Amino acid sequence: MANTELLNKIDAAIAGKNLLKHPFYQDWQAGKLSREALQLYAAQYYKHVEAFPKHLRVLAARTEGALHGLIQENLAEEENPAGAHPKLWRDFAAAVGVGEDDISCCPALPGTKAVVQKFREICGDRPVAEAVAALYAYEAQVPEIATTKIDGLKRFYGVTRPEGLAYFTVHEEADKAHRAAWRGWLEEHASGDEEEILKTTHEALDALWGALDAVHCERKEAVN
């Protein structure tokens with residue numbers, strides 16, 4: 001019962017900071033983003049996408065048993081040779097006009113650095129239950145975000161080829177399984193200080209929000 005109550009609080013935190021409520025994604029859904037804004041986002045957010053498998057690997061090294069297997073399954077999908085997720089993201093970036101050099105040479109904005117550092121610190125240094133809660137808070141949102149992005153890319157931004165949409169198509173389905181797995185583990189195994197678990201969840205959500213703040217504010221300042 002205690003973990004059910006904890007999950008209800010985590011879900012409430014996710015709902016309150018759901019990324020689909022962010023002005024950047026609101027503009028995406030309404031077709032209001034400029035091509036330059038999409039390009040900046042593609043280059044910046046790649047750093048989070050590229051780092052995510054590394055976070056999983058760090059956490060896997062700290063776990064055993066069922067949770068270790070769960071993380072390894074997630075990691076195997078991230079690094080699938082037939083479609084590694086960082087490569088799929090680069091294909092999306094190319095579809096909006098961002099080349100490999102643009103991605104590799106683009107310096108990280110503070111909000112981009114912060115989200116990468118925050119998840120690395122949570123997965124490497126925080127209690128395991130806090131790390132799983134943070135990963136759940138992220139991946140729980142991804143399927144609906146992916147669906148929304150696909151719709152916007154097709155309707156407003158001229159991205160219709162399968163390779164340009166593949167990153168989001170994969171995540172529409174894959175992260176349904178991931179969020180169920182994280183949630184199931186939390187429901188059965190989460191232990192520790194509930195307030196600390198919730199605090200870490202909020203930190204992760206704030207970092208994800210801040211990564212979008214970075215690209216949204218940067219484009220607004222450039223326009224002004």
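This is a predicted model, so every value here is computed, not measured. (Residues numbered from 1 in each chain as written. Predicted model: local features only at pLDDT ≥ 70, side-chain atom pairs only at ≥ 80, totals over all residues. Heavy atoms only, no water.)

Asks: Can you walk me through the overall build of the chain in this structure?
Replies: On a plain count of helices and strands, the chain comes out with 11 helices and 0 strands. In sequence order, the chain lays out its α and β elements as α-α-α-α-α-α-α-α-α-α-α. Sorting the 224 residues of the chain into buried and exposed places 50% on the buried side. Considering only intrachain contacts with a sequence separation of at least 6, the fraction spanning at least 24 residues in the chain is 83%. For the chain, the exposed area adds up to about 10,100 Å²; of that, 52% sits on carbon and sulfur atoms. (Helix = DSSP H or I, 4+ residues; strand = E, 2+ residues; numbered from the N terminus. Buried < 20%, exposed > 50% of the residue type's maximum accessible area, 1.4 Å probe, protein only. Contact = heavy atoms within 4.5 Å. Areas by Shrake-Rupley, 256 points an atom, 1.4 Å probe, with all protein chains shown as cover.)

Asks: I tried to follow the side chain of R126 on my own but got confused; where do I start?
Replies: With respect to the secondary-structure elements, R126 resides in the loop between α7 (110-125) and α8 (128-139). Under the relative-accessibility criterion, R126 is labelled buried at 15%. One polar contact links R126 to E121, side chain to side chain, over a distance of 2.6 Å. When neighbours within four sequence positions are excluded, R126 is seen to be in contact with R62, K118, E121, T200 and E203. (Polar contact = N/O pair within 3.5 Å; in protein donor to acceptor, adjacent residues only side chain to side chain.)

Asks: Help me understand the nonpolar core, please; the structure alone is not making it clear to me.
Replies: Side chains that are nonpolar tend, in soluble globular proteins, to be buried together. Ranked by internal contacts, the top residues of the largest apolar core, which has 77 residues, are W28, Y41 and W89. The element that contributes the greatest number of residues to this core is helix α3 (residues 35-60), accounting for 13 residues. (Core = buried A, V, L, I, M, F, W, Y, C linked by side-chain atoms within 4.5 Å.)

Asks: Sorry, what's going on with helix α4 (residues 65-78) here?
Replies: Helical geometry note: an α-helix holds 3.6 residues per turn, so side chains three or four residues apart project in the same direction. Between its first and last C-alpha atoms α4 spans 20 Å; for 14 residues at 1.5 Å apiece the expected length is 20 Å, and the two agree. Among the residues making up α4, those that are buried are L67, L70, I71, N74, L75 and E78. Viewed along the axis of α4, the buried residues span an arc of 135°, placing them on a single side of the element. Counted as exposed and oriented over 90 degrees from the buried face of α4: G65, A66 and E73. Looking at the buried side of α4, the elements it contacts are α3, α5 (85-95), α8 and α10 (162-189). (Expected span 1.5 Å × (residues − 1). Arc of directions from axis to C-beta.)

Asks: Help me understand helix α9 (residues 142-156), please; the structure alone is not making it clear to me.
Replies: An ideal rise of 1.5 Å per residue puts 21 Å on 15 residues; α9 measures up with 20 Å between its terminal C-alpha atoms. Taken as a whole, α9 has its buried residues at V142, P143, I145, A146, T148, K149, I150, G152 and L153. Buried residues along α9 sit in contact with α2 (23-30), α3, α5, α8 and α10. Positioned one or two residues after α9, G158 has a phi angle of 70°, which is positive.

Asks: Even after reading the chapter, I still don't get the packing of aromatic side chains, so can you show me in this structure?
Replies: Two descriptors summarise a pair of aromatic rings, namely the distance from one centre to the other and the angle between the planes of the rings. The final tally for this structure, using the stated rule, is 19 aromatic pairs. Both rings, one in F24 and one in Y25, keep their centres 6.0 Å apart while their planes meet at 55°; by these two values the pair is tilted. Of the residues examined, F24 reaches a relative accessible area of 1% and is grouped as buried. Arranged with centres 5.0 Å apart and planes meeting at 70°, the rings of W89 and F92 form a pair that is edge-to-face. Within this pair, W89 and its partner F92 are both found in helix α5, separated by 3 residues, close to a single helical turn. Just as W89 is buried, F92 falls in that class too. Clustering of aromatic rings is evident, with ring pairs tying together F24, Y25, W28, Y41, Y45, W89, F92, F156, Y157, Y167 and F168. (Phe/Tyr/Trp six-rings, centres within 6.5 Å; stacked < 30°, edge-to-face > 60°.)

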